[in-house]
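So you can see what is in the structure, the chains are spelled out below.
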Amino acid sequence: QKSILIADELHPSSASAYNVVHALEILSDQIDVNQIREAIAGLIQRHAMLRTVFVRTDHGEVVQMVQPVRSTDVMLNEMPFEQCLSELNNIKFNCYQAEPLCRFYVCNKHQQQFLIIVLHHSIVDGWSLKILEQDLDRLLTCQPLEPLG
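Only a predicted model underlies this, so the values are computations on that prediction, with no experimental measurement involved. (Residues numbered from 1 in each chain as written. Predicted model: local features only at pLDDT ≥ 70, side-chain atom pairs only at ≥ 80, totals over all residues. Heavy atoms only, no water.)

Moving on: the confidence of the model for the protein chain. Looking at the protein chain as a whole, the pLDDT averages 81, with 83% of positions reaching at least 70. Within the protein chain, helix α1 (residues 2–10) has the poorest average pLDDT of any element, 58, and helix α4 (residues 126–140) the best, 92. (pLDDT = per-residue confidence, 0-100. Helix = DSSP H or I, 4+ residues; strand = E, 2+ residues; numbered from the N terminus.)

See the structure below:
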């Protein structure tokens, strides 16, 4: 994590270099934005990495902190899917502010609905992204979740 944070800090012009953008198709037309919000809230409550922030101590050391659970907004994005992905990929996370290093959006492509997740690579990798996707799918379809750890 520290090497990713340092590299991100040394190269601020490459805003999206450490962003992980993941699109999930919402397969059921019976799922509305409120259900998506509830599923995301459940995901954030379940996975501390989605509430993780980094702060500098008085001595300049970077420490990881997990924030308490708070509500999140899912932005309903009306722009075309490709434009949405392009714009979301350029999000610049400030890794040292007390804000989560993840964002969630809903956008439409033709008659399909997608949930777009943007995370900073300091809190997620390919393996953990797969777990998030599985848990989110279960939350969206009201299936029980396996206990963690």
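On to helix α2 (residues 33–46). In a regular helix each residue adds 1.5 Å, so 14 residues correspond to 20 Å; α2 covers 20 Å between its end C-alpha atoms and thus fits that length. Regarding α2, its N-cap is D32, as a side-chain oxygen of that residue lies 3.1 Å from the backbone nitrogen of N34 further along. (Expected span 1.5 Å × (residues − 1). Polar contact = N/O pair within 3.5 Å; in protein donor to acceptor, adjacent residues only side chain to side chain.)

The next point concerns unusual backbone geometry. Look at C142: it is not a glycine, yet its phi comes out positive at around 55°. By secondary structure assignment, the location of C142 is in the segment after α4. You can call C142 exposed: its relative accessible area is 68%. (Buried < 20%, exposed > 50% of the residue type's maximum accessible area, 1.4 Å probe, protein only.)

A word on the nonpolar core. The biggest cluster of nonpolar side chains holds 37 residues, and the ones touching the most others in it are L50, F104, L115, I116, L119 and L136. Leave out the neighbours within four places in its chain, and L50 touches L43, I44, P100, C102, F104, L119 and L132. (Core = buried A, V, L, I, M, F, W, Y, C linked by side-chain atoms within 4.5 Å. Contact = heavy atoms within 4.5 Å.)

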